[in-house]
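Summary of the model geometry
Listed below are the residues making up each chain.
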Amino acid sequence: MRVFWELTRRSFQRQVTYRAATIAGLLTNFFFGMLRASVLIGLYGQREVVAGIDIREAVTYTGVSQAVIGLLSLFSWVELMNTVYTGAVASDLIKPMSYYRFWLAQDLGRAVAQFGFRAVPIMIGYALVFDITYPHSLEQWLALAIVVVMAWLISFSFRFLINLAAFWMPNATGIIRFGFVLMSFFSGFIMPLRFFPEWFVRLSSFTPFPYMVNTVVEVYLGLVSGRGLMLALFAQIIWAIVLILVGKLVLRAGIRRLVILGG
């Protein structure tokens, strides 16, 4: 565990070193959040509630979904792929910890930095500009903390899995981009899943993506509680386990191919 936390700490330090990039990312996320909020306000028009979400909650949704972009790395993550193509993967594989935990530690440091220096400032900015909602109880805040951690774990495990395509392809960028398109579309990032037809919501529920963004948003807004919250947490745990196991199996096959080809 000491090595794990040391990797996490160093990854965090790398993230906070590039202050200009952090500020640029924060401002970009906030700007597009303002645009998304304005679009939803226009779409609501005179309607106060759509699919059980009022206009105040809809605006808050844009803030929360923008806040988790950096935390969950929703748009891009190709670090693992790059190490395969540069050959750095060889040294990573002989480190005194599993390859999955090696990358997990680094992504944890990145995620913590993104949470503190991007997610929190975005929500503060939203609170200054809009009349947003907040969790109403300590239990809701605790549930939110749990689902955020699980959403990050699911996101990382999925990103880890699609990056492993680099073991089989001379350029896995296309596969990885397609994975991120699916993530954005089915996660509830573009629009709350409640706005979509029932068949689409059902289809999404058979993927891990809603449990990254949509679950976080609905817990924050208090749209799920009690049994619904327990089911959401259970689904997150199941998907995390499935993605971790599949990722490790694919990694094992990839390492065998790397060795066979002279790696």
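My aim in this report is to walk through the structure given alongside it, one point at a time. Predicted, not measured: the structure shown is a model, and the values here were computed from it.

**Looking at the environment of Leu251**
Among the structural elements, Leu251 can be located in helix H11 (residues 227–260). On the accessibility criterion, Leu251 (8% relative accessible area) is buried. When the C-alpha positions of Leu251 and Asn163 are compared, they lie 10.0 Å apart, and in sequence the two are 88 residues distant. Ignoring any residue separated from it by four or fewer positions in sequence, one finds Leu251 in contact with Tyr99, Phe160, Leu164 and Phe167.

**Some thoughts on the pattern of salt bridges**
When the charged atoms of two side chains lie near each other, side chains of opposite charge can form a pair. Under the definition given, this model contains eight salt bridges. Arg10 serves as the salt-bridge partner of Glu6, at 2.8 Å between the closest nitrogen and oxygen. Separated by four residues within a single helix, Glu6 and Arg10 lie in helix H1 (residues 2–17), roughly one turn from each other. Notably, a salt bridge pairs Arg194 with Glu218, separated by 2.7 Å at the nearest N-O pair. Placement of Arg194 in the loop between helix H8 (173–186) and helix H9 (198–205) and of Glu218 in helix H10 (residues 214–221) is noted, with a sequence separation of 24 residues between them. For Arg194, a relative accessible area of 33% gives the class partly exposed. Through salt bridges with shared partners, a single network forms among Glu6, Arg9 and Arg10.

Each value, and the rule that gives it
Residues numbered from 1 in each chain as written. Predicted model: local features only at pLDDT ≥ 70, side-chain atom pairs only at ≥ 80, totals over all residues. Heavy atoms only, no water. Helix = DSSP H or I, 4+ residues; strand = E, 2+ residues; numbered from the N terminus. Buried < 20%, exposed > 50% of the residue type's maximum accessible area, 1.4 Å probe, protein only. Contact = heavy atoms within 4.5 Å. Salt bridge = Lys/Arg side-chain N within 4 Å of Asp/Glu carboxyl O.

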